[in-house]
Amino acid sequence: MALMEWRDEFRLGIASVDHEHQQLFALINAAHAAMGQDGSQAAVGDFLGEIHADIAAHFALEEKIMRERAYDHYAAHKADHERLLDDIRDLMDDNEAGRFGDGEPILAARLKEWFSRHFREMDARMHRMLDADRHGKNFKPGGA
Ligand SMILES: [Fe+2]
Ligand SMILES: [Fe+2]
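About the cut-offs
Residues numbered from 1 in each chain as written. Chains lettered and ligands numbered in written order. Predicted model: local features only at pLDDT ≥ 70, side-chain atom pairs only at ≥ 80, totals over all residues. Heavy atoms only, no water. Donors = N, O, S within 2.8 Å, 3.2 Å for Na, K, Ca; no water. Tetrahedral: all angles 85-135°; square planar, octahedral: opposite > 155°, others 65-115°. Phe/Tyr/Trp six-rings, centres within 6.5 Å; stacked < 30°, edge-to-face > 60°. Helix = DSSP H or I, 4+ residues; strand = E, 2+ residues; numbered from the N terminus. Buried < 20%, exposed > 50% of the residue type's maximum accessible area, 1.4 Å probe, protein only. Axes fitted to C-alpha atoms, helices over the stretch in contact; angles between N-to-C directions. Parallel < 35°, antiparallel > 145°, perpendicular 65-115°, else oblique. Contact = heavy atoms within 4.5 Å. Nonpolar A, V, L, I, M, F, W, Y, C, P; charged D, E, K, R; others polar.

Q: Before we go on, may I ask you to explain the coordination of the iron ion (ligand 1) in this structure?
A: For a metal bound by four donors in tetrahedral geometry, the ideal donor-metal-donor angle is 109.5 degrees, whereas six donors in octahedral geometry ideally sit at 90 or 180 degrees. Within the protein, the atoms that donate to the iron ion (ligand 1) are His21 (NE2), His58 (NE2), Glu62 (OE) and Asp123 (OD), at distances of 1.9 to 2.3 Å. Geometry at the iron ion (ligand 1) is irregular, judged from the four donor atoms that bind it and their angles of 86 to 171° at the metal. In primary-sequence terms, the residues that donate to the iron ion (ligand 1) follow H-x36-H-x3-E-x60-D. The distance between the iron ion (ligand 1) and the iron ion (ligand 2) is 3.7 Å, with Glu62 acting as a donor to both metals.

Structure (structure tokens):
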């Protein structure tokens, strides 16, 4: 079974961003499937490294957009990105120290919880700002 199940409620309504988020899930699932074939410490290390790189690339893109638009919640949004990357790095350290064990359910739960919350609270707000920008309106923070 796939590690990350895409759900319709994750959709932000902006095709390019929804596409990138779905692609991220697919990449995570592909790396996870590869680990299923080989659960050795080295394979788990590769899997975590791949996830970290894919997610970091997506975050870097969002952060670039936010900097270009002088987004008012940039610091908080970036801090939330950093928290997830730190979590993944901790799991990589655990794996290298031979402590990953059955860390996989922890990783799955953490990624699912993190993404659904971050999409809802952080990305949705950012995309409302981009949308308001595109239509020449002033961005009004808050609201759903
Ligand atoms: Fe995102
Ligand atoms: Fe984000």
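That shown, we press on.
Q: Help me understand the packing of aromatic side chains in this model?
A: Aromatic ring pairs are described here by two measures, namely the spacing of the ring centres and the angle between the planes. Within the structure shown, the criterion is met by ten aromatic pairs. Between Trp6 and Phe25, the aromatic rings sit 5.2 Å apart at their centres with planes inclined by 75°, giving edge-to-face as the arrangement. Placement of Trp6 in the segment before helix H1 (15-37) and of Phe25 in helix H1 is noted, with a sequence separation of 19 residues between them. Note on Trp6: relative accessible area 21%, which makes it partly exposed. Judged by relative accessible area, which is 4%, Phe25 ranks as buried. Here a set of aromatic residues connected by ring pairs shows up, and it is made of Trp6, Phe10, Phe25, Phe59, Trp114, Phe115 and Phe119.

Q: Would you mind showing me how to read unusual backbone geometry here?
A: What you tend to see is this: most non-glycine residues have negative phi, and most peptide bonds are trans. At Ala70, a position not held by glycine, the phi torsion is positive, near 50°. For Ala70, a relative accessible area of 66% corresponds to the exposed category.

Q: Where do I start with the packing of H1 against helix H2 (residues 41-68) in this structure?
A: Any two packed helices are characterised by the angle at which their axes cross and by the distance between the axes. Interaxial distance between H1 and H2 falls to 8 Å at its minimum, and their mutual angle equals 170°. Here H1 lies roughly antiparallel to H2, going by the angle between them. Within the contact between the two elements, H1 uses Glu20, His21, Leu24, Leu27, Ile28, Ala31, His32 and Met35 and H2 uses Val44, Phe47, Glu50, Ile51, Asp54, Ile55, His58, Leu61 and Glu62. Residue composition of the contact of H1 with H2, by class: ten nonpolar, three polar and four charged.

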